[in-house]
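Okay, here's what each chain looks like letter by letter:
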Amino acid sequence: MPQSDDERLVDLEAWLEHDDPRFARALGAGRPARPREYRRTGVPASGGRWPSP
């Protein structure tokens, strides 16, 4: 039997809180924050390419 949308959202919220608490708190507060995968990895904030010299 498929889960309801509410159950799926609760599961996603719990997983996100466990996996990346900083991002989950920022998302809940409505304040942007980079997911853990994009912190200190050398990926530009724009998600694009580094500017040409």
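Provided above is the structure to which this section pertains.
Residues numbered from 1 in each chain as written. Predicted model: local features only at pLDDT ≥ 70, side-chain atom pairs only at ≥ 80, totals over all residues. Heavy atoms only, no water.

Moving on: the overall build of the protein chain. Within the protein chain, the regular secondary structure consists of two helices and zero strands. Burial statistics for the protein chain: of 53 residues in total, 13% are counted as buried. For the protein chain, the exposed surface amounts to about 5000 Å²; the carbon and sulfur share of it is 56%. (Helix = DSSP H or I, 4+ residues; strand = E, 2+ residues; numbered from the N terminus. Buried < 20%, exposed > 50% of the residue type's maximum accessible area, 1.4 Å probe, protein only. Areas by Shrake-Rupley, 256 points an atom, 1.4 Å probe, with all protein chains shown as cover.)

We now examine the pattern of salt bridges. This model, assessed by the stated rule, comprises one salt bridge. R8 is paired through a salt bridge with D5; the nearest N and O atoms lie 3.9 Å apart. Remark: D5 and R8 occur in helix α1 (residues 5-19); sequence separation between them is three residues, near one turn of the helix. For R8, a relative accessible area of 51% puts it in the exposed group. (Salt bridge = Lys/Arg side-chain N within 4 Å of Asp/Glu carboxyl O.)

A separate point is helix α2 (residues 21-29). For α2, the set of buried residues is F23, A24 and A26. The buried residues of α2 occupy one face: seen down the axis, they fall within an arc of 165°. In α2, the exposed positions angled more than 90 degrees off the buried face are occupied by R25, G28 and A29. On the buried face of α2, the contacting elements are α1. (Arc of directions from axis to C-beta. Contact = heavy atoms within 4.5 Å.)

This next bit is on the packing of α1 against α2. One can describe the packing of α1 onto α2 by two numbers: an axis separation of 5 Å at closest approach and a directional angle of 130°. Classified by the angle their axes make, α1 and α2 are oblique. In contact with L16, E17, H18 and D19 of α1, α2 contributes P21, F23, A24 and L27. (Axes fitted to C-alpha atoms, helices over the stretch in contact; angles between N-to-C directions. Parallel < 35°, antiparallel > 145°, perpendicular 65-115°, else oblique.)

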